[in-house]
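# Structural overview for review
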Amino acid sequence: MNYVLLTNQNDALIPDILSCYKIPSVAQFISIDETNYWNYVTSTDNVWFYKILEEDCLVSTIHLELNDDILYMDVVVLPKYQKKGIATKILNDIKSGKLGIDFNKIKISVDERNIASIKLFENAGFVLIGKDDELFEYEYKK
């Protein structure tokens, strides 16, 4: 897998990224506000958006934000690439420091209906620390 940092809000893959975020199985859990989002992720300190490619094909995206040594993240794997271990590899790469981001904890929110993501994060060593409405709050400590 090749991690490619999105650095330009006119990136050629943005239409492909947007189309995957509009797939109902993705859109029910995560969405992008197209108005300012690309400017935000390409010009804000401690915010990163990666395209994950396999053989030049988009398979996943990750949005990361670092605040006070806590890394907040979203992971989206395109449906046709799910259940192939991609998200697990991404989590392991982030936890091991492959992306060069220094953090003490990772925090994520998962919709209570998103059973696959709940299993993913629990299997990756994340611990349930709370619930806010329909969102489970998980944490991973180094």
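Below: a short report on this structure. (Residues numbered from 1 in each chain as written. Predicted model: local features only at pLDDT ≥ 70, side-chain atom pairs only at ≥ 80, totals over all residues. Heavy atoms only, no water.)

## Points about the side chain of threonine 61
Turning to its location among the elements, threonine 61 is positioned in strand 3 (residues 57-67). Accessibility expressed as a relative area gives 0% for threonine 61, which makes it buried. Of note is the side chain of threonine 61, whose polar atom sits 2.8 Å from the side chain of tyrosine 21. Aside from chain neighbours lying at most four places away, what touches threonine 61 is Ile17, Tyr21, Phe49, Tyr50, Ile52, Asp74, Val75 and Val76. (Helix = DSSP H or I, 4+ residues; strand = E, 2+ residues; numbered from the N terminus. Buried < 20%, exposed > 50% of the residue type's maximum accessible area, 1.4 Å probe, protein only. Polar contact = N/O pair within 3.5 Å; in protein donor to acceptor, adjacent residues only side chain to side chain. Contact = heavy atoms within 4.5 Å.)

## Let's talk about helix 1 (residues 14-21)
Side chains three or four residues apart in an α-helix point the same way, a direct result of the helix having 3.6 residues per turn. When helix 1 is considered as a whole, its buried residues turn out to be Ile14, Ile17, Leu18, Cys20 and Tyr21. End-on, the buried residues of helix 1 take up no more than an arc of 160 degrees, which puts them together on one face. Contacts from the buried residues of helix 1 go to helix 2 (24-27), helix 3 (37-43), strand 2 (47-54), strand 3 and strand 4 (70-77). (Arc of directions from axis to C-beta.)

## A few points about unusual backbone geometry
Notably, glutamate 55 is not glycine yet its phi reads approximately 50 degrees, a positive angle. With respect to the element layout, glutamate 55 can be found in the loop between strand 2 and strand 3. Residue classification places glutamate 55 among the exposed residues on the basis of a relative accessible area of 82%.

## Observations concerning the state of the cysteines
One pass over the structure, following the stated rule, counts 0 disulfides. Cysteine 20 takes part in no disulfide bond, and the closest cysteine sulfur to it belongs to cysteine 57, at a distance of 11 Å. Of the residues examined, cysteine 20 reaches a relative accessible area of 2% and is grouped as buried. On the basis of relative accessibility, which here comes to 30%, the residue cysteine 57 falls in the partly exposed class. (Disulfide = S-S within 2.5 Å.)

## A closer look at the packing of aromatic side chains
Here the structure, examined in full by the defined rule, presents 6 aromatic pairs. The interplanar angle of 85 degrees and the centroid separation of 6.3 Å between the aromatic rings of tyrosine 3 and tyrosine 50 together place this pair among those described as edge-to-face. Taken together, the residues span a long stretch of sequence, with tyrosine 3 in strand 1 (residues 2-5) and tyrosine 50 in strand 2 at a distance of 47 residues. Across this residue pair, the class does not change: tyrosine 3 and tyrosine 50 are buried. Ring geometry for phenylalanine 126 versus tyrosine 140: centroids 5.5 Å apart, planes at 40 degrees, classification tilted. Here phenylalanine 126 is found in the loop between helix 5 (115-123) and strand 6 (127-132), whereas its partner tyrosine 140 is found in strand 7 (residues 135-141), with 14 residues between them in sequence. Since its relative accessible area comes to 4%, phenylalanine 126 is described here as buried. On the accessibility criterion, tyrosine 140 (17% relative accessible area) is buried. (Phe/Tyr/Trp six-rings, centres within 6.5 Å; stacked < 30°, edge-to-face > 60°.)

## Re helix 5
Three or more residues of helix 5 are buried, namely Ser117, Ile118, Leu120 and Phe121. In a view along the axis of helix 5, the buried residues occupy a sector of 160 degrees, so they form one face of it. The exposed set on the far side of helix 5, more than 90 degrees from its buried face, consists of Ala116, Lys119 and Asn123. The secondary structure elements touched by the buried residues of helix 5 are helix 4 (86-95), strand 5 (105-111) and strand 7. Within two residues after helix 5, glycine 125 carries a phi angle of roughly 95 degrees, on the positive side.

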